[in-house]
Amino acid sequence: MAEKVRIADIHKYEGQEVTIRGWLYNMRSSGKLRFLLVRDGSETIQCVVFKKDVSEATFADTDQLTQESSIVLTGVVSADERSPLGYEIQVKTLQIVQLADEYPISKKEHGVDFLMDHRHLWLRSSKQHAILRIRHEIIRAAQEYFNKEDFILVDSPVFTPNAAEGTTTLFETDYFGSKAYLTQSGQLYAEAGAMAFGKVYCYGPTFRAEKSKTRRHLTEFWMIEPEAAFFDLDDDMQLAEEFVSHIVQSVLKNRQPELQTLERDTSKLECIKPPFPKIHYEEAVDILKKNHIEFRHGDDFGGTDETVISEQFDQPVIVHHYPAAIKAFYMKRDPQEPQYALAMDMLAPEGYGEIIGGSQREDDYETLLQRIREHNLPEDAFAWYLDLRKYGSVPHSGFGLGIERTVAWIAGIQHIRETIPFPRTLQRLNP
RNA sequence: UCCGGCGUAGCUCAAUCGGCAGAGCGGGUGGCUGUUAACCACUAGGUUGUAGGUUCGAGUCCUACCGCCGGAGCCA
């Protein structure tokens, strides 16, 4: 009985008979020869069927095979220079598990909309494999970093009774007769966690009902949000830069083949090491002025503005001290210059935009209550949040990192919709 | 919501000035003992997004609608 092996491990079995289980990626035939390209999720390998080496029934079976038919085959592993993997399998027996119907995704070009309609099948192709493996590595490395730094995972709820920030449109749902909203951030709950555990993070999906139609937007995206007690804005920025460089270096270390598949210029990633450049909002505005960009002082930066600012640097750049007027109610103001919030955004290089938004939080009860009133937010819904300022309030800070934008940047993908298995956008809820 | 673009075979596209709707891939049949998006021959496959209009004649021009894509605003 041949050992069942993953194709990724095939190099350990040269000269031995093995069984692999997978799907037919492609087949080429040449008279009495059949070349089956078989993938099993871990890798793809060419399997050679010689008519004289197999039974007549087995050889006849290969003629029926269609793209993506599921098969189990047994054969001997042999080294071969002509194979991209370095090995191929000389087939002895072949079992068809299921003969696939005509497969909609051919090896030629397809449009994005067609591929997205078949996203459940598109995930099988090599480019999507590479992207999602990099996504996996980014999430793994992010959790590894927080674990190493003694942050505790304290997840936030998805159903919430109120908006974290009054401005953004929320998805409304019926919650047994009353209204509930899908969360747009786990931050407020992470703050409660930080007061309980000191250092925490949450990781989960977040939802924005904004009608944004750009390559940087999804209606459902994943965010990882650390929050730490006794952290000021400087501590927060230092955490952010060390966290992001750990993620980039982990991808470089563990996902080289995937980066090559995507033809990513890794020299742009190798230089990502702390410290990152940190500039005041006013310095960022000066950069826009020098580049003759029309910009109204006091506004937030648009997509083009972000690109121009980030192009001045090889590394991600952190912009801090935004005008308080354009920032969320919970952000603490700078005591020296109260017109500025102790806020910071991290902009990814190469025009990939904002990947982190964070701040030091307002920790004074009266000030926070006043902000809630100024923003016309329901006081009773925030009673528990205000409690955090009544029972041992301390300076604290945190940030949120958008997973999909980070994947797009590190993997070098133009459009964010390919960085998540099943994207949800303004126009797409299926599959 | 606003601005711009595109809808032709299962898929990706072509069709000159308004004049017989085509190719490649995929499917089917046959051939080939080392193929690398294999190749060769033959073959099936169409309400040109929908509705109306102009014209001897519309894939092509006009109007409306529908769908999708890109960008702006807003944000991670």
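Residues numbered from 1 in each chain as written. Chains lettered and ligands numbered in written order. Predicted model: local features only at pLDDT ≥ 70, side-chain atom pairs only at ≥ 80, totals over all residues. Heavy atoms only, no water.

**Remarks on the overall build of chain A**
Helices and strands together make up the secondary structure of chain A, namely 13 helices and 17 strands. Considering only C-alpha atoms, chain A reaches an extent of 85 × 55 × 40 Å along its principal axes. Every one of the 431 residues in chain A was classed for burial, and the buried ones make up 50%. Considering only contacts within chain A whose residues lie at least 6 apart along the sequence, 66% involve residues at least 24 apart. (Helix = DSSP H or I, 4+ residues; strand = E, 2+ residues; numbered from the N terminus. Buried < 20%, exposed > 50% of the residue type's maximum accessible area, 1.4 Å probe, protein only. Contact = heavy atoms within 4.5 Å.)

**A closer look at the packing of helix H4 (residues 126–148) against helix H6 (residues 233–254)**
Their axes nearest at 9 Å, the elements H4 and H6 cross at an angle of 135°. Taken together, the axes of H4 and H6 are oblique relative to one another. As H4 runs across H6, the sense of the crossing is right-handed. Contacts between H4 and H6 involve Ile134, Glu137, Ile138, Arg140, Ala141, Ala142, Glu144, Tyr145 and Phe146 on the former and, on the latter, Leu239, Glu242, Phe243, His246, Ile247, Ser250, Val251 and Asn254. Considered class by class, the residues forming the contact of H4 with H6 number 10 nonpolar, 3 polar and 4 charged. (Axes fitted to C-alpha atoms, helices over the stretch in contact; angles between N-to-C directions. Parallel < 35°, antiparallel > 145°, perpendicular 65-115°, else oblique. Left-handed = near helix turned anticlockwise from the far one by under 90°. Nonpolar A, V, L, I, M, F, W, Y, C, P; charged D, E, K, R; others polar.)

**Details of the sheet that holds strand E15 (residues 343–348)**
Strand order in the open sheet formed by 8 strands is E7-E11-E12-E17-E16-E15-E14-E13, with mixed pairing between adjacent strands. On the outer flanks of this sheet lie strand E7 (152–153) and strand E13 (278–280), each paired with one strand and no other. For E7 and strand E11 (residues 199–207), the ladder comprises 2 bridges, and the chain directions are parallel. Along E11, the bridge assignment pairs Leu153 with Tyr201. Strands in contact with helix H10 (residues 303–310) are E13, strand E14 (317–320), E15 and strand E16 (353–360); relative to E15, the strand with the most contacts, it is inclined by about 75°. (Pairing = 2+ DSSP bridges.)

**What about the pattern of salt bridges?**
Applying the stated criterion to the full structure yields 29 salt bridges. A salt bridge links Asp299 to Arg296, with the nearest nitrogen and oxygen atoms 3.4 Å apart. Taking the relative accessible area as the measure of exposure, Asp299 reaches 27% and is therefore partly exposed. A salt bridge links Arg371 to Glu374; the shortest N-O distance between them is 3.6 Å. Of this pair, Arg371 and Glu374 both sit in helix H11 (residues 365–374), 3 residues apart, which is roughly one turn of that helix. Three or more residues joined by partner-sharing salt bridges are found here, namely Lys332, Glu362, Asp363, Arg371 and Glu374. (Salt bridge = Lys/Arg side-chain N within 4 Å of Asp/Glu carboxyl O.)

**A short note on the environment of Gly412**
Along the chain, Gly412 falls in the segment after helix H13 (403–411). Residues Gly412 and Arg264 lie 148 residues apart in sequence; the distance between their C-alpha atoms is 5.9 Å. Contacts of Gly412, omitting those with residues within four sequence positions, involve Arg264, Tyr352 and Val407.

**Points about the protein's contact with RNA strand B**
Near RNA strand B you find 42 residues, and of these Asn26, Arg28, Lys107, His110 and Arg405 are the closest. Each atom of RNA strand B within 4 Å of the protein was assigned to sugar, phosphate or base; sugar and phosphate come to 47%. Within the contact set of RNA strand B, a base nitrogen lies 2.8 Å away from a side-chain nitrogen or oxygen of Glu88. Separating a base nitrogen of RNA strand B from a side-chain N or O atom of Arg216 is a distance of 3.3 Å. Of all elements in the fold, only strand E2 (17–30), strand E3 (33–39), strand E4 (44–50), helix H2 (112–117), strand E12 (220–229) and E16 reach the threshold of two or more residues within the surface near RNA strand B. (Near = heavy atom within 4 Å. Polar contact = N/O pair within 3.5 Å; in protein donor to acceptor, adjacent residues only side chain to side chain.)

**So, the pairing of strand E17 (residues 396–402)**
Burial analysis of E17 places 7 of its 7 residues in the buried class, the great majority of the element. Neither face of E17 is open: one carries His396, Gly398, Gly400 and Gly402, the other Ser397, Phe399 and Leu401, and all of them are buried. As judged from the 5 bridges shared by E12 and E17, these two strands associate in the antiparallel manner. In the sheet register, Ala228 faces E17, and the bridge partner there is Ser397. Alignment of E16 against E17, held across 5 bridges, turns out to be antiparallel. The residue of E17 that forms the bridge with Gln360 is Ser397.

**Some details on the domain arrangement of chain A**
Accessible area lost during the coming together of the parts is what is often quoted as the interface size. Domain boundaries in chain A define domain 1 (3–98) and domain 2 (119–419). Between domain 1 and domain 2, the C-alpha centre-to-centre distance is 46 Å. With 6 residues of domain 1 in contact, the opposing surface of domain 2 contributes 5 residues. In total, domain 1 and domain 2 occlude about 370 Å² of area from one another, counting both sides; carbon and sulfur atoms represent 35% of this. The largest per-residue losses of area from domain 1 upon contact with domain 2 belong to Tyr25, Arg39 and Gly41, which jointly make up 71% of the total buried on that side. Inspection of the domain 1/domain 2 interface yields 1 salt bridge. When the shortest N-O distance is used, the salt bridge between Arg124 and Glu68 registers 2.8 Å. (Domains from an automatic or database assignment. Buried area = accessible area lost by both parts, 1.4 Å probe.)

**Comments concerning the pairing of strand E5 (residues 70–79)**
The buried fraction of E5 is high, at 7 of 10 residues. In this structure, E2 lies alongside E5, joined through 7 bridges in antiparallel fashion. In the strand pairing of E5, Val18 is matched with Gly75. Sheet analysis places E5 next to strand E6 (residues 87–98), joined by 10 bridges and oriented antiparallel. Looking across to E6, one finds that Val72 is bridged to Gln95.

**Side note on H6**
Taking 1.5 Å per residue as the helical rise, H6 with its 22 residues ought to reach 32 Å, and the 32 Å between its terminal C-alpha atoms agrees with that figure. N-capping of H6 is provided by Asp232, with a side-chain oxygen placed 3.1 Å from the backbone N of Asp234. (Expected span 1.5 Å × (residues − 1).)

**Examining the packing of aromatic side chains**
Within this structure, the stated rule accounts for 19 aromatic pairs. Relative to Tyr330, the ring of Phe329 has its centre 5.5 Å away and its plane inclined at 75°; by these criteria the two rings are edge-to-face. One aromatic cluster is present, built from ring pairs that chain together Tyr145, Phe146, Phe151, Tyr201, Phe243 and Phe399. The ring of Phe50 has Lys52 lying over it, and the distance from NZ or CZ to the ring centre is 5.2 Å. Above the ring of Tyr322, the side-chain terminus of Lys327 is found at 4.2 Å from the ring centroid. (Phe/Tyr/Trp six-rings, centres within 6.5 Å; stacked < 30°, edge-to-face > 60°. Lys NZ or Arg CZ within 6 Å of the ring centre and 35° of its normal.)

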